[in-house]
Amino acid sequence: MRIVVMALAVAMAGAAPAHAFKPTRTVEVVVHTGPGGGSDLLARAVATIIEKEKLLPVRMQVVNKTGGGGAVAAAYLAEKAGEQHTIGFFTGVWLTSPLTSAEAKVTLRDLTPVARLVLEPALIAVKADAPYKTLGDFIAAAKQQPGQLKQSGGSVTSRDNVVRQLLQKATGARWAFISFPGGGERIAALLGGHVNMMVLEPAEAGEHIRAGNMRVLAQVSDQRLAGFREVPTLKEAGFDVPAVPQVRGVVAPPGIPAENVAYWEDLFGRLARSASWRKFLADNQFEDGYQDAAELAKFYDEFTARMRAILQEAGIKTVR
Amino acid sequence: MDIASGLLQGFAVALQPTNVLWCFVGVFLGTIVGIMPGLGPPATIAMLLPLTALMNPAGAMIMLAGIYYGAKYGGSTTSILLNVPGESASVVTCLDGYQLARKGRAGAALGIAAIASFIAGTVGVLGLMLVAPPLARLALAFSSPEYFGLMALGLAMVVLLAGRSLVKALLAMLVGLWIAGIGTDPFSTTSRFTFGRMELLSGIDFVVVAIGVFALGEVLANMEARDEPKALPVPKGLRNLLPTAQDLRDCRFAFVNGSVIGFLIGVLPGAGSTIASFISYGVEKAFSRRRDQFGTGVIEGVAAPEGANNSETGGALVPLLTLGIPGSGTTAILLAALVLWGFKPGPLFIAENPQLFWGLVASMYIGNVILLILNLPLVPLFAQVLRAPAYALYPAIIGLSIVGVYTVSGSLFDLALLAAFGLLGYVMRKLDYPSAPLILGLVLGGAMERALRQSLMMSEGSLSILVSRPLAAAMLSFALLILLIPLVARLNAWRLRVMEEEK
């Protein structure tokens, strides 16, 4: 009898940690973009999929804490130390903003890592009537007229500019980078012929390619994407630069119990395996970037170190 | 497919009973969202997005678009009645709308806002239906130097928003431009004027400044009056509450101006409805025969901006539906919704999904009619608000302002800012500084800075890019012309005086 009880207790203890914590009220999901921004849309899609797959007993509510390239959202999460019903969706910018902004005091290191979810590959595209047929053509043209060709993109710490910096360093070519805060404006600038090239996500480019308005020169990815079998990767095109992905994942406030971390890790692990999630990734041509909390922490350091070097090389003052 | 058969097909979709219902739900929600200061269409549409996953896409799109354009109707209500801008696009409406209310003409102002919204909203849909694809191509010709020209044109409006002193107006505008610079540098992501405060990293929200300077400043200035303030006059009888035939005649030009300017600016992905409303107000005033009365309560000062912010909606849908390019937060969410429902928004969207496009267009005609029917009877109801005595009205305005600001950000820091800007508004009134130029600088500052810096990046630092492109040059010269108006007026006055003396 005693043995049975003990065995039961052991069995329960074994099963318990993953389920010791269960959210009892609406989970607040913090994102750093306004409604309609990349993180906001991903968080809302995740909330919809989690609801559809019935992975969470409560609802998820997206909260927009915009500003400072993620700094405001990160600080908000840090303030919520110990809060059990709050999580946040981060992107690479949460790692790079503290490098350039003195006020962005909270880094991802100060929050609790949960999971990395998505790696977004990118395409290097030009307008369909541009003379460049390959990335080599573009680089050669940029070398011939240094600083005359233009690329549209996000802020200087964005992935777009990182790809440019890496390519410039590898080839010695030089071209201008024009920042447009809105994704729509970047595409409009390319289609209007005001810039010569841009780095954009496959889902953004797909329809413009199909309509014959854009041509893809190369893909910023290690393997060829399913939708772009005929387009070479950077390496295949002859440019040995790392394929910098846009990274997206989940963090929690600092100081939450270990079983809570386990619960979130388990939830997003199950999400990453679900059929709806697979379909979502395929529809958007995202790469599955799933990593658990331990791997994610290691990823932070690698990514931050690489970004610091790139920013310094670009002549941008880093504060950390 | 030609337009007639497309539209016919569209009405077949939009007139299905469930879709009419969704249209009604959308515009009704939109009206409420518009009336509530703070809560805007992007937040509302984002909240409803998960619900639409279960709906038929046509019905869902009709409803979400209904919220988008419906909110533009409601936005004027609190601007006119309480000097509290309900949406950023309704700030300009405060200038003459609130003065009309103080004269006992709140009903006329609310009524004309609804009528102008209806006319311009319908024109916007017409534009979307008739000229969308060619206009979208034209919008692509617009880039940073052209945006700079447009913003300069907008800033030149300061001349028209100035009260007695142009110097004071320019000073107020500079403060507005400075406030726009607070926050994070959009290109290098370094911080500016944040004084080490994390809360300032996201910049100062336009709504906080507008509500503080307009609503709180007004309340503070009114409370100072020694004598017991009397409730504002509200005429009795429905007929006296609606715009008169004379009002409608006065607004003939405003209807056209608002509709056309709003739609054209809406088509540009980098502009927006706030800029549209400011520019149409400026144009209205520049061409008006009673220019000197603007700001004291002229009815076309309400009709022009309210029309512009409604036809802007139709314009903003042009790049979204013909190119898959969103120009604002709201259209970005609509784009995401289309993707979520399995569509591929882009250059081929209309050709491949004619039912959805034409259904939406047709529903917008229906929605605008519903909005007019919904809003006109509300006019007398809302006008009664002003019967409230001062001791009830002023605290209500302060309460509404606080709730409005808190819904936007959920931050107590912003409430402190609201108080600070309320005091600023009060001081500006005392010293006779006009507050509209401050708001104008704040609205245009960010976009203007981006456009200028982008242009200079394109030209590697050469300013000639701003004048060497015909569209940009045309707009800059027009801006210069507007800036010269006061000078010409002064010269003219001087000439008249000399002639008088010579006689």
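Residues numbered from 1 in each chain as written. Chains lettered and ligands numbered in written order. Predicted model: local features only at pLDDT ≥ 70, side-chain atom pairs only at ≥ 80, totals over all residues.

Participant: Help me get a handle on the overall build of chain B, residues and values and all.
Facilitator: Helix and strand counts for chain B come out as 24 helices and 2 strands. Taking 23 Å as the expected radius of gyration for a compact globule of 503 residues, we find that chain B reaches 23 Å, a close match to that expectation. Along the three orthogonal principal directions, the C-alpha set of chain B runs to about 70 × 60 × 60 Å. Every one of the 503 residues in chain B was classed for burial, and the buried ones make up 58%. (Helix = DSSP H or I, 4+ residues; strand = E, 2+ residues; numbered from the N terminus. Rg over C-alpha atoms; globule rule 2.2 N^0.38 Å. Buried ≥ 20, exposed ≤ 12 C-beta atoms within 10 Å, placed from the backbone.)

Participant: Hey, could you go over the overall build of chain A for me, with residue numbers and the actual values?
Facilitator: Along the backbone of chain A there are 11 helices and 11 strands. Taken over the C-alpha trace, chain A has a radius of gyration of 22 Å; the compact-globule value for 320 residues is 20 Å, and the two agree within 12%. Counting only C-alpha atoms, chain A reaches 85 × 40 × 35 Å along its principal axes. Each of the 320 residues in chain A was classed as buried or not, and the buried ones make up 51%.

Participant: Tell me about helix α16 (residues 329–340) of chain B, and name the residues and values.
Facilitator: Because each turn of an α-helix spans 3.6 residues, side chains separated by three or four positions end up pointing in the same direction. Between the first and last C-alpha of α16 of chain B there are 16 Å, a value that for 12 residues agrees with the 16 Å anticipated at 1.5 Å per step. Most of α16 of chain B sits inside the fold, with 11 of its 12 residues counted as buried. Those residues of α16 of chain B that fall on the buried side of the exposure criterion are G329, T330, T331, A332, I333, L334, L335, A336, A337, L338 and L340 of chain B. As for α16 of chain B, its buried residues are in contact with α2 (38–52) of chain A together with α3 (41–52), α4 (57–82) and α15 (300–323) of chain B. Taken from the residues just after α16 of chain B, G342 of chain B is the one with a positive phi, measuring 95 degrees. (Expected span 1.5 Å × (residues − 1). Contact = placed C-beta atoms within 7 Å.)

Participant: Report on the sheet that holds strand β11 (residues 287–292) of chain A, specifying residues and quantitative values.
Facilitator: All names here are of chain A. Pairing within the open sheet is mixed, and its 6 strands lie in the order β2-β1-β3-β10-β4-β11. Looking at strand neighbours, the two that pair on one side only are β2 (60–64) and β11, the edges of this open sheet. The mean inter-strand angle of the sheet, taken between neighbouring strand axes irrespective of direction, is 20 degrees. Looking at chain direction, strand β1 (residues 27–31) and β2 are connected through 5 bridges and run parallel. Across the sheet, residue V30 finds its bridge partner in β2, namely V63. Its contacts with the sheet put helix α11 (residues 293–313) on β4 (112–120), β10 (246–252) and β11, and the angle it makes with β4 is roughly 75 degrees. (Pairing = 2+ DSSP bridges. Axes fitted to C-alpha atoms, helices over the stretch in contact; angles between N-to-C directions.)

Participant: If you had to explain the environment of S165 of chain B to someone new, which residues and values would you point to?
Facilitator: With respect to the secondary-structure elements, S165 of chain B resides in the loop between α8 (158–161) and α9 (166–181). Since 12 C-beta atoms lie within 10 Å of it, S165 of chain B is described here as exposed.

Participant: Help me get a handle on the interface of chain A and chain B, residues and values and all.
Facilitator: Taken together, the contact pairs 47 residues of chain A with 44 residues of chain B. Only α2, α3 (71–79), α4 (92–100), β7 (176–179), α7 (183–191) and α8 (202–210) of chain A provide two or more residues apiece to the side of chain A that touches chain B. The element contributing the most residues to the side of chain A that touches chain B is α2 of chain A, with 7 residues. Of the residues assigned to the side of chain A that touches chain B, the class counts are 19 nonpolar, 20 polar and 8 charged. (Nonpolar A, V, L, I, M, F, W, Y, C, P; charged D, E, K, R; others polar.)

Participant: Which residues make up the pairing of strand β8 (residues 197–200) of chain A, and what are the values?
Facilitator: Residue and element names in this part refer to chain A. Residues M197 and V199 of β8 are buried on one face, and the alternating residues M198 and L200, pointing to the opposite face, are buried as well. Bridge count between strand β5 (residues 122–127) and β8: 3 bridges; the pairing is antiparallel. Looking at the pairing, L123 lines up with L200 of β8. Where strand β6 (residues 150–153) meets β8, 2 bridges bridge the pair, whose relative direction is parallel. By the bridge assignment, Q151 is partnered in β8 with M197.

Participant: Account for unusual backbone geometry, naming residues and giving values.
Facilitator: At Q285 of chain A, a position not held by glycine, the phi torsion is positive, near 55 degrees. With respect to the helices and strands, Q285 of chain A occurs in the loop between α10 (275–284) and β11. We note that F193 of chain B has phi near 50 degrees; this positive angle belongs to a residue other than glycine. The topology assignment puts F193 of chain B in the loop between β2 (191–192) and α10 (206–223).

Participant: Quick rundown of the nonpolar core? Include the residues and the values.
Facilitator: Core analysis: the biggest nonpolar cluster contains 261 residues, and A109 and L440 of chain B have the highest contact counts within it. Sort the elements by how many residues they give to this core and helix α6 (residues 106–140) of chain B lands first, with 19 residues. Taken together, domain 1 (26–120 + 246–313) and domain 2 (125–228) of chain A each give at least three residues to this core, which thus spans both. In contact with L440 of chain B, other than residues within four places in its own chain, are G154, L155, M157, V158, L161, M173, G176 and F278 of chain B. (Core = buried A, V, L, I, M, F, W, Y, C linked by C-beta atoms within 7 Å. Domains from an automatic or database assignment.)

Participant: Please set out the domain arrangement of chain A residue by residue, giving values where relevant.
Facilitator: Residues and elements named next belong to chain A. Structurally, chain A comprises domain 1 (26–120 + 246–313) and domain 2 (125–228). Summarising the inter-unit geometry, the C-alpha centres of domain 1 and domain 2 are found 27 Å apart. The interface of domain 1 with domain 2 comprises 13 residues on the first partner and 11 residues on the second. Elements with a minimum of two residues in the side of domain 1 that touches domain 2: α4 and α11. No other element matches α4, which puts 5 residues into the side of domain 1 that touches domain 2. For the side of domain 1 that touches domain 2, a count of residues per class yields 3 nonpolar, 8 polar and 2 charged.

Participant: So, the confidence of the model for chain A: which residues are in play, and what are the values?
Facilitator: Confidence in the prediction of chain A, expressed as mean pLDDT, is 85, and 94% of residues score 70 or more. In this model residues 5–18 of chain A is a low-confidence stretch, pLDDT under 50, and it forms 5 contacts with partners more than four residues away in sequence or in other chains. (pLDDT = per-residue confidence, 0-100.)

Participant: Give me the sheet that holds β6 of chain A: which residues, what numbers.
Facilitator: All names here are of chain A. Strand order across the open sheet formed by 5 strands is β7-β6-β8-β5-β9, with mixed pairing between neighbours. The sheet terminates laterally at β7 and β9 (214–220), the two strands that pair on one side only. Adjacent strand axes in the sheet meet at a mean angle of 30 degrees, parallel and antiparallel pairs treated alike. In the sheet, β6 pairs with β7 via 4 bridges, with the strands oriented parallel. Pairing of Q151 across the sheet is with F177, part of β7. Contacts from α8 reach β5, β8 and β9 within the one sheet, and its direction differs from that of β9 by about 150 degrees.

Participant: Hey, could you go over the packing of α4 of chain B against α15 of chain B for me, with residue numbers and the actual values?
Facilitator: Residue and element names in this part refer to chain B. Put simply, α4 and α15 touch, their axes get as near as 9 Å, and they point 170 degrees apart. With respect to α15, the axis of α4 lies roughly antiparallel. Of α15, the residues touching α4 (which contributes Y68, Y69, K72 and S76) are E306, N309, N310 and T313. Looking at side-chain class alone, the contact of α4 with α15 contains 2 nonpolar, 4 polar and 2 charged residues. (Parallel < 35°, antiparallel > 145°, perpendicular 65-115°, else oblique.)

Participant: Kindly report on the packing of α4 of chain B against helix α18 (residues 354–375) of chain B, identifying the contributing residues and their values.
Facilitator: Residue and element names in this part refer to chain B. As a packed pair, α4 and α18 sit with axes 9 Å apart at the nearest point and diverge in direction by 40 degrees. Looking at the two axes, α4 sits oblique to α18. The way α4 lies across α18 gives a crossing that is right-handed. When α4 is examined against α18, the residues P57, A58, M61, I62, A65, G66, Y69, G70 and Y73 are found in contact with a partner set consisting of Q355, L356, G359, L360, S363, M364, G367, L371 and N375. (Left-handed = near helix turned anticlockwise from the far one by under 90°.)

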